[in-house]
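Overview (structure and organization)
Listed here are the chains, written in short residue letters.
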Amino acid sequence: MSSQIRDRERAAWQTIDSGQLLLIATAGLFVIVAITEVAAVGLEQPDIAIIFGVLISLGELFRMVMPGNREVAPIASAGAMGYALLVGVGPEGAGPDARLGVVAAGHSALQVVAVTAAGMLIGSLPHVAVGRSPRPDAMARRLFTVAVVALCFRPLLSLDLAWQLLLAVMCLVVVLSCFTDVLIAAMIRAETVRARFGIALRDEIDAKLALCAATSATAMLIAVATTAMGEAALLIFTVPILVTQFAFRRYAGIRATYLQTVRALSRVTEVGGYVETGHSRRVSMLAVQMGRELGMSEEELLELEYAALMHDIGQLSLGDPIPGGATVLASPAEQRRIAELGAEVIKQTGVLDRVAHIVQLSSHPYRTGREPVADSGERPLPPPLAGRIIKVANAYDDLVGDSADRDRGAAVLERLRLDSAAEYDPTVVEALSRVVDRRPRQ
């Protein structure tokens, strides 16, 4: 058992790319410097540090995974940034001149980093104990973001700024922290999934903007309210982010269940013997990789995955199954009939109309679509990109299957290129070629 655990841990570290390693190393350096400084000068206001450390630990304990395999801990992030933005604790903590300005809380930026790191570590221990090790890159990114807030904001407290100006600086710093978090996440995601940086950045903004805004607003509320009300503000103003986290967790759970259901339905054609085992899964994996290669967004990739998983579901209506389920060998009319029947089945769900449209057009040749124009003529209208991707991925897997023979794969690619004049989109075929070339050699 211990050897299996070591193998899993080794495999997890082997999947970390250079960008993630650089981030982890930078965060680790911050922690070492912070702990050294705190050990040398002592812990300022230890009671407050412990309170915020406990909040950060609880946030890490209740961290969640959002769609796109994004690990987040909103409560921990809000608590850590609130500690970085903290001006004082209670009316007495703000000092007798609070009406004229503010008196900085005693802790330094490096103490914020040290307390945050300790809280994250303690909160992660229960997960480690049950075999759910945290993602080092996600923890490092959260710590790095908090360090940015602390290093930018805490030195400004010595300037005796007016309260209104201090609030404006708080807003600016939390916006900077959100931008930093999204930028780092996009850089890592672009390298990990081989997506274009611009596409990865857009996906991260779409996925994290709402949660980042809620986390930043909560952090500012915690900092300001704790200065005015004392430690009780932590309990009051942590509730909104807790509710937000549960809402996001529910959304992520529904989305994950939805995808699992689609994957299960896609296996009906395999269980019934209509297609080869693993065909739908292989086509969906190829399609998603090709979609990333062609710059599709995350939402478009999700629709593409749904459509690729269910592209052969129309075969269930056939009286005589196609040998091997290879629709690429069927007549064009039969291919269109299977796609249309599958689209009708998908439409019955009532929520996958766009996926049904993709499946319906996935059998159409690249250069045969038509649309009316103003002069009453017609011009070629290719199927949507997702449909063209599925058509190429399906044809490739129909002819290659689960074979690892690279010569066979090269021959099929050449055949698809020869048919690119009308049947297959040449750009999509070349994207498939790049995806196949990156596969490890057997």
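As the structure is a computational prediction, the values presented were derived from the model and not from experiment.

Notes on unusual backbone geometry
Where the residue is not glycine, phi is negative for most of them; where a peptide bond is considered, it is trans in most cases. Of note, Q45 is a non-glycine position whose phi angle comes to about 45°, a positive value. Among the secondary structure elements, Q45 is positioned in the loop between α2 (18–41) and α3 (46–61). The backbone of N69 shows a phi angle near 60°, a positive value even though the residue is not glycine. Relative to the helices and strands, N69 resides in the loop between β1 (64–66) and β2 (70–72).

A few points about the UniProt feature "transmembrane region" (unreviewed entry) in the protein chain
In this structure's numbering, the residues bearing the UniProt feature "transmembrane region" (unreviewed entry) are residues 21–42, 48–65, 72–89, 109–130, 142–159, 165–188, 209–226 and 232–248. The distance from the first to the last C-alpha atom of residues 48–65 is 29 Å, and the span holds 78% helix and 11% strand.

Side note on the state of the cysteines
Throughout the structure, instances matching the rule amount to one disulfide. Shown here is the disulfide that connects C178 with C212, its sulfur atoms set 2.0 Å apart. One quick way to see it: the torsion about the S-S bond of C178 and C212 is about -120°, and its sign makes the bridge left-handed. Of this pair, C178 sits in helix α8 (residues 163–193) while C212 sits in helix α9 (residues 197–229); the two residues are 34 residues apart in sequence, bridging distant segments of the chain. Using a relative accessible area of 15% as the deciding quantity, one classes C178 as buried.

Some words on empty space enclosed by the protein
Here the structure, examined in full by the defined rule, presents three cavities of 30 Å³ or more. The computed volume of the largest cavity comes to approximately 240 Å³. Around the largest cavity sit 18 residues that line it, and S77, D181, K208, C212 and T215 are the ones nearest its centre. Of all elements in the fold, only β2, α4 (74–85), α7 (136–153), α8 and α9 reach the threshold of two or more residues within the lining of the largest cavity. Here the lining of the largest cavity takes five residues from α9, the largest share from any one element. Of the residues in the lining of the largest cavity, the class split is eight nonpolar, five polar and five charged.

Quick word on the layout of surface pockets
In this structure, the second largest pocket occupies an estimated 450 Å³ of space. Residue lining of the second largest pocket: 23 residues in total, with Y396, S403, A404, V436 and R439 positioned closest to the centre. For the lining of the second largest pocket, the elements supplying multiple residues, two or more each, are α12 (279–293), α16 (385–400), α17 (406–418) and α18 (426–437).

Looking at the nonpolar core
Ranked by internal contacts, the top residues of the largest apolar core, which has 54 residues, are F52, Y83, L85, L143, F153 and M170. Of all elements in the fold, only α2, α3, α4, α6 (109–129), α7, α8, α9 and α10 (232–266) reach the threshold of two or more residues within this core. Top contributing element to this core by residue count: α7, with 10 residues. If sequence neighbours within four positions are ignored, M170 has contacts with L85, V87, F153, M220, A223 and V224. With 46 residues, the next largest nonpolar core counts V288, I346, A431 and L432 among its residues.

Here we look at a nonpolar patch on the surface
Taken together, the side chains of I50, V54, L58, L61 and F62 make up a nonpolar region of the molecular surface, amounting to roughly 430 Å² of accessible area. A relative accessible area of 45% places V54 in the partly exposed class.

Comments concerning helix α15 (residues 353–361)
Residues V355, A356, I358, V359 and L361 constitute the buried set of α15. Buried residues belonging to α15 abut α13 (298–309), α14 (332–347) and α16.

Quick word on the confidence of the model for the protein chain
Here the protein chain averages 82 in pLDDT, and 88% of its residues register 70 or above. Across the protein chain, the element-wise mean pLDDT spans from 44 in strand β3 (residues 370–372) up to 94 in α6. Below pLDDT 50 for its whole length, residues 93–104 participates in 15 contacts with residues either more than four positions away or in separate chains. Note that residues 370–377 has pLDDT below 50 and, in this model, 11 contacts with residues that lie over four places away or in other chains.

Observations concerning α3
Counted at 1.5 Å a residue, the expected span for α3 with its 16 residues is 22 Å, and the 22 Å between its end C-alpha atoms agrees. Burial in α3 covers these residues: I48, A49, F52, G53, L55, I56, S57, G59 and E60.

Some remarks on the packing of α13 against α15
Packing of α13 against α15 leaves a shortest axis separation of 9 Å and a crossing angle of 60°. By the angle between their axes, α13 is oblique relative to α15. With respect to the hand of their crossing, α13 and α15 are arranged in right-handed fashion. For the pair formed by α13 and α15, the contact residues are E303, Y306 and A307 on the first element and R354, V355, I358 and V359 on the second. Residue composition of the contact of α13 with α15, grouped by class: five nonpolar, no polar and two charged.

Here we look at the pattern of salt bridges
All chains considered together, the criterion is met by 24 salt bridges. The salt bridge partner of E60 is R142, with a shortest N-O separation of 3.1 Å. In this pair, E60 sits in helix α3 while R142 sits in helix α7, placing the two residues 82 residues apart along the sequence. Accessibility assignment for this pair places E60 and R142 in one class, buried. Across the pair R141 and D181 runs a salt bridge, and its minimum N-O distance is 2.8 Å. Highlighted residues: R141 in helix α7 and D181 in helix α8, separated in sequence by 40 residues. Exposure remark for R141: the relative accessible area of 8% places this residue in the buried category.

Procedures and definitions
- Residue numbers run consecutively from 1 along every chain, following the written order of its sequence.
- In view of the model being predicted, local features appear only for residues whose pLDDT reaches at least 70, and side-chain atom pairs are presented and counted only at 80 or more, with totals across whole chains, interfaces and linings using the full set of residues.
- The side-chain numbers reported here are obtained from all heavy atoms of the structure, hydrogens and water having been left aside.
- Secondary structure elements are defined from DSSP: runs of H or I of at least 4 residues count as helices, runs of E of at least 2 residues count as strands, and each element is numbered from the N terminus.
- UniProt positions are given in the numbering used here, feature names are shortened, and annotations may be inferred rather than shown by experiment.
- For this text, the term disulfide refers to a pair of cysteine sulfurs within 2.5 Å.
- Three exposure classes are used, based on accessible area relative to the maximum for each residue type with a 1.4 Å probe and protein chains only: buried under 20%, partly exposed in between, and exposed over 50%.
- Using protein atoms alone on a 1 Å grid, points that fit a 1.4 Å probe yet trap it form a cavity, whereas open point sets bounded by protein on both sides within 12 Å along at least five of seven lines form a pocket; residues with an atom within 4 Å of a point count as lining.
- Grid points are joined across faces, edges and corners, and a volume is the space filled by probe spheres set on the points.
- Put simply, Ala, Val, Leu, Ile, Met, Phe, Trp, Tyr, Cys and Pro go in the nonpolar bin, Asp, Glu, Lys and Arg in the charged bin, and everything else, Gly too, in the polar bin.
- Nonpolar core, defined: a set of buried Ala, Val, Leu, Ile, Met, Phe, Trp, Tyr and Cys residues in which side-chain atoms within 4.5 Å join the residues together.
- Note on definitions: a residue-residue contact is assigned when non-hydrogen atoms from the two residues lie within 4.5 Å.
- Patch membership needs two things, relative accessible area over 30% and no salt bridge, and members are linked within 9 Å if like-charged or within 5 Å if nonpolar (Val, Leu, Ile, Met, Phe, Trp, Tyr).
- Using a 1.4 Å probe, accessible areas were evaluated by the Shrake-Rupley method; residue-level cover was limited to the displayed protein chains.
- A carboxyl oxygen of Asp or Glu within 4 Å of a side-chain nitrogen of Lys or Arg is what we treat as a salt bridge.
- pLDDT expresses, on a scale from 0 to 100, how confident the predictor is about each individual residue.
- Take the number of residues in a helix, subtract one, and multiply by 1.5 Å to get its expected span.
- Here, axes are lines fitted to C-alpha atoms. For helices the fit covers the stretch in contact, and angles between N-to-C directions go from 0 to 180 degrees.
- These descriptions rest on fixed angle ranges, namely under 35 degrees for roughly parallel, over 145 for roughly antiparallel, 65 to 115 for roughly perpendicular, and the rest for oblique.
- Rotating anticlockwise by less than a right angle from the far helix to the near helix defines a left-handed crossing, while the corresponding clockwise rotation defines a right-handed one.

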